[in-house]
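# Overview (structure and organization)
If you want the building blocks of each chain, they are given just below.
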Amino acid sequence: MAAPFFSTPFQPFVYQSPEDAVISFQILGGEAQIVQIMLKPEDKVSAKPGCMCYMSGSIQMENVYAPENEAGMWQWLFGKNVTKTYFLNSGSTDGFVGIAAPSLGRILPIDLAKFGGEILCQPDAFLCSIGDVKVSNTFDQRARNVVAGVEGFLRQKLSGQGLAFVVGGGSVVQKNLEVGETLSVDISSVIALSSTLNVQIKYNGPMRRAVFGVLVLDTSCHC
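This section reports on the structure supplied with the text. Here the structure is a predicted model, which means the values were calculated and not measured.

## Quick word on the nonpolar core
Within the largest apolar cluster, 21 residues are counted, with the highest numbers of intra-cluster contacts made by Val35, Ile37, Ile99, Ile107, Leu127, Cys128 and Phe165. Ignoring anything within four residues of it in the chain, the contact list for Cys128 reads Val35, Ile37, Val45, Ser46, Ala47, Ile99, Leu163, Ala164 and Phe165. Listed in part, the 15 residues of the second largest apolar core include Leu108, Phe126, Leu158 and Ala192.

This is the structure in structure tokens:
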């Protein structure tokens, strides 16, 4: 089914959803990207608040409190969003919504069913999702626990069997590790990884320079 997506010779789509996808989408743009999602009647998409770029007339938008946020009050006190936005096609014909990345970077579609139903992400990596996707944000207000483990850096967990879109800055590389294979990665370079791998954090120098630590990953990795 053809979708009424916008396109120009200067910003063609860089990724097209498979033909057998339940909901069609395209990712457009270069440094600043947009994901355009086609919605049939009664289809809906959930997204990070404030990322809607455009939508057709049949789409209804609603902001709701996200109860799955494990530390919603603390996130709110520190300026984080504790709501999410739903886009519902309430019309009788197909509609569409364009959701833009909040910063320069790449929009990456991730089928959670292919990653064991769960991945860990950098804070605020989540952009939007289709289907069964739960977004859990953890926040520990105690300074001594800032670098307690991998969850101290990858504080956003996506779980479910749906399709999630995350944002990563710069160039993006996906690495699949064989069983027993080890990979060392700078912490700031990790966008997301599957929760089934073993992770160790090694620090370069004193604890005050822990932000420059290195992740050591083994078994199955997607980052």
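From this point on, the discussion continues.
## A look at unusual backbone geometry
The backbone of Glu42 shows a phi angle near 75°, a positive value even though the residue is not glycine. Mapping Glu42 onto the fold places it in the loop between strand E3 (34-39) and strand E4 (44-47). With a phi close to 70°, Asp124 is a non-glycine residue in the positive phi region. Within the secondary structure, Asp124 is located in the loop between strand E10 (118-121) and strand E11 (126-130). Asp124 sits in the partly exposed class, given a relative accessible area of 40%.

## Focus on the pairing of E10
Within a regular beta strand, the side chains point alternately toward one face of the sheet and then the other, so they alternate between its two faces. Judged from the four bridges that link them, E10 and strand E13 (residues 156-160) form a sheet pairing that is antiparallel. Looking across to E13, one finds that Glu118 is bridged to Ser159. Taken together, the three bridges between E10 and strand E16 (residues 192-194) define a ladder with antiparallel strand orientation. Bridged to Leu120 within E16 is Leu193.

## What about the pattern of salt bridges?
Pairing between side chains of opposite charge can happen when their charged atoms approach one another. Enumeration over the complete set of coordinates arrives at one salt bridge. The shortest N-O distance in the salt bridge between Glu181 and Lys175 comes to 3.6 Å. Note on Lys175: relative accessible area 32%, which makes it partly exposed.

## Re the environment of Ser92
With respect to the secondary-structure elements, Ser92 resides in the loop between strand E7 (83-89) and strand E8 (95-100). Judged by relative accessible area, which is 70%, Ser92 ranks as exposed. Linking Ser92 and Pro41, residues 51 residues apart in sequence, is a C-alpha distance of 5.6 Å.

## Some remarks on a nonpolar patch on the surface
Taken together, Met52, Met55 and Met61 make up a surface patch of nonpolar side chains, about 240 Å² in accessible area. Met61 gets classed as partly exposed once you look at its relative accessible area, which sits at 47%.

## Points about the environment of Ser136
Here Ser136 lies in strand E12 (residues 133-137). Overall, the relative accessible area of 4% leaves Ser136 in the buried class. Each C-alpha atom, one on Ser136 and one on Arg155, is 8.2 Å from the other, the two residues being 19 residues apart in sequence.

## Let's talk about the sheet that holds E16
In space, the four strands of this open sheet follow the order E12-E13-E10-E16, with antiparallel pairing throughout. Looking at the sheet topology across the chains shown, the edges are occupied by E12 and E16. Strand-to-strand, the axes of this sheet are offset by a mean angle of 25°, without reference to chain direction.

## A short note on the packing of aromatic side chains
Enumeration according to the criterion identifies two aromatic pairs in this entry. Ring geometry for Tyr15 and Phe25: centres 5.8 Å apart, planes at 25°, overall stacked. Of this pair, Tyr15 sits in strand E1 (residues 13-16) while Phe25 sits in strand E2 (residues 25-28); the two residues are 10 residues apart in sequence, bridging distant segments of the chain. Given the relative accessible area of 4%, Phe25 is considered buried. Measuring from ring centre to ring centre gives 5.0 Å for Phe25 and Phe165, while their planes differ by 85°; the resulting arrangement is edge-to-face. Here Phe25 is found in strand E2, whereas its partner Phe165 is found in strand E14 (residues 163-168), with 140 residues between them in sequence.

Conventions and cut-offs
- Residues numbered from 1 in each chain as written.
- Predicted model: local features only at pLDDT ≥ 70, side-chain atom pairs only at ≥ 80, totals over all residues.
- Heavy atoms only, no water.
- Core = buried A, V, L, I, M, F, W, Y, C linked by side-chain atoms within 4.5 Å.
- Buried < 20%, exposed > 50% of the residue type's maximum accessible area, 1.4 Å probe, protein only.
- Contact = heavy atoms within 4.5 Å.
- Helix = DSSP H or I, 4+ residues; strand = E, 2+ residues; numbered from the N terminus.
- Pairing = 2+ DSSP bridges.
- Salt bridge = Lys/Arg side-chain N within 4 Å of Asp/Glu carboxyl O.
- Patch = residues over 30% accessible without salt bridge, like charges linked within 9 Å, V, L, I, M, F, W, Y side chains within 5 Å.
- Areas by Shrake-Rupley, 256 points an atom, 1.4 Å probe, with all protein chains shown as cover.
- Axes fitted to C-alpha atoms, helices over the stretch in contact; angles between N-to-C directions.
- Phe/Tyr/Trp six-rings, centres within 6.5 Å; stacked < 30°, edge-to-face > 60°.

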